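Overview (structure and organization)
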Amino acid sequence: MPNHGANATTVVTHAVLAVIIRVCGEVPTRVEVHELSSPPPQVHLYVADTMIVVEDVVAIGAVCRRWDLAAYGARRLPLHASQTWLQPHWTSAPVATVTRLTLTETFHVQMITARAETATPMHLRVTTGRLVWQVVDRTAFDRIGAALREAEDAFPVPRTF
């Protein structure tokens, strides 16, 4: 029988199933290098309202290669899309998210057709772990790809003897 007395402990659990980020146009990106001299080295990749903590050059390299392979699907996107697809709705609020990139992340790419009834533009859906990118135009796709490569290049080249 459960204990509902004064000493009972309430356990609350939660989970974020996915963070969906819709981007188009000149997406703001930034790469910051942190503690490359001590393990684990970290590169922080900022894309829109997302910070991705990268500690593994192999993981970011894998995401870069997969992003480059998704370019075939991105060719169907317009070069520039209307910013009206990004207007906030009363049921949503802007949030910032932080995620850690690892080698175990799933990566999927899918072209989604526009749906006026849900205000969803045609976009390339790129899923990396719990981040779901809705990339609406090629400008945003190219900007994110360049930022991924910059994050990969920020890691020091390992010395070989």
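The rules we used
Residues numbered from 1 in each chain as written. Predicted model: local features only at pLDDT ≥ 70, side-chain atom pairs only at ≥ 80, totals over all residues. Heavy atoms only, no water. Helix = DSSP H or I, 4+ residues; strand = E, 2+ residues; numbered from the N terminus. Buried < 20%, exposed > 50% of the residue type's maximum accessible area, 1.4 Å probe, protein only. Expected span 1.5 Å × (residues − 1). Core = buried A, V, L, I, M, F, W, Y, C linked by side-chain atoms within 4.5 Å. Contact = heavy atoms within 4.5 Å. Pairing = 2+ DSSP bridges. Axes fitted to C-alpha atoms, helices over the stretch in contact; angles between N-to-C directions. pLDDT = per-residue confidence, 0-100. Parallel < 35°, antiparallel > 145°, perpendicular 65-115°, else oblique. Left-handed = near helix turned anticlockwise from the far one by under 90°. Nonpolar A, V, L, I, M, F, W, Y, C, P; charged D, E, K, R; others polar. Polar contact = N/O pair within 3.5 Å; in protein donor to acceptor, adjacent residues only side chain to side chain.

**Quick look at the overall build of the chain**
On a plain count of helices and strands, the chain comes out with three helices and eight strands. Moving toward the C terminus, one meets the helices and strands of the chain in the order β-β-β-β-α-α-β-β-β-β-α. Per-residue burial for the chain yields a buried fraction of 35% across its 161 residues.

**Some remarks on unusual backbone geometry**
For Ala 48, which is not glycine, the phi torsion reads 55° and is therefore positive. Using a relative accessible area of 29% as the deciding quantity, one classes Ala 48 as partly exposed.

**Notes on the environment of Pro 41**
Looking at the secondary structure, you find Pro 41 in the loop between β2 (29-34) and β3 (42-47). Pro 41 sits in the partly exposed class, given a relative accessible area of 23%. Pro 41 sits 13 residues away from Val 54 along the chain, and the two C-alpha atoms are 8.2 Å apart.

**Some words on helix α3 (residues 138-154)**
Since the α-helix packs 3.6 residues into each turn, any two residues three or four apart lie on the same face. Between its first and last C-alpha atoms α3 spans 24 Å; for 17 residues at 1.5 Å apiece the expected length is 24 Å, and the two agree. When we look at burial in α3, the residues that qualify are Thr 139, Ala 140, Phe 141, Ile 144, Gly 145, Ala 147, Leu 148, Ala 151 and Glu 152.

**Describing the nonpolar core**
In terms of nonpolar packing, the biggest core is built from 32 residues, with Trp 67, Trp 133 and Val 135 touching the most fellow members. Ranked by residue count, the leading element in this core is α3, at six residues. In contact with Trp 67, not counting residues within four places along its chain, are Phe 107, Val 126, Trp 133, Val 135, Phe 141, Ile 144, Gly 145 and Leu 148.

**Details of the sheet that holds strand β4 (residues 50-54)**
Two pairing modes exist for strands in a sheet, parallel and antiparallel, and in both the strands are linked by backbone hydrogen bonds. Here four strands make up an open sheet; going across it, the order is β2-β3-β4-β5 and the pairing mixed. The two strands at the open ends of the sheet, each matched to only one other strand, are β2 and β5 (97-101). Taken pair by pair, the neighbouring strands of this sheet meet at an average axis angle of 20°, ignoring direction. As defined by bridge partners, β3 adjoins β4 across five bridges and the pair is classed as antiparallel.

**Brief notes about the confidence of the model for the chain**
Confidence in the prediction of the chain, expressed as mean pLDDT, is 82, and 83% of residues score 70 or more. Mean pLDDT values over the elements of the chain span from 77, in β5, up to 95, in α3.

**Focus: the packing of helix α1 (residues 57-69) against α3**
Where α1 meets α3, the closest approach of the two axes is 9 Å, and the angle between their N-to-C directions is 155°. Between α1 and α3, the crossing angle belongs to the class labelled roughly antiparallel. For the pair α1 and α3, the sense of crossing is left-handed. Of the residues in α3, those in contact with Val 57, Ile 60, Gly 61, Val 63, Cys 64, Arg 65, Trp 67 and Asp 68 of α1 are Phe 141, Ile 144, Gly 145, Leu 148, Arg 149, Ala 151 and Glu 152. Of the residues that constitute the contact of α1 with α3, the class distribution is nine nonpolar, two polar and four charged.

**Considerations on the pairing of strand β1 (residues 19-23)**
Side-chain alternation along β1 places Val 19, Ile 21 and Val 23 on a buried face and Ile 20 and Arg 22 on a face that remains uncovered. Pairing of β1 with strand β8 (residues 131-135) involves five bridges; the strand directions are parallel. For Arg 22, the partnering residue across the bridge sits in β8 and is Gln 134.

**Here we look at α1**
With 13 residues, α1 should cover 18 Å at 1.5 Å per step; its first-to-last C-alpha distance of 18 Å lies within 8% of that length. Those residues of α1 that fall on the buried side of the exposure criterion are Ala 59, Ile 60, Gly 61, Val 63, Cys 64 and Trp 67. Sitting at the amino-terminal end of α1 is Asp 56, which places a side-chain oxygen 2.8 Å from the backbone nitrogen of Val 58.

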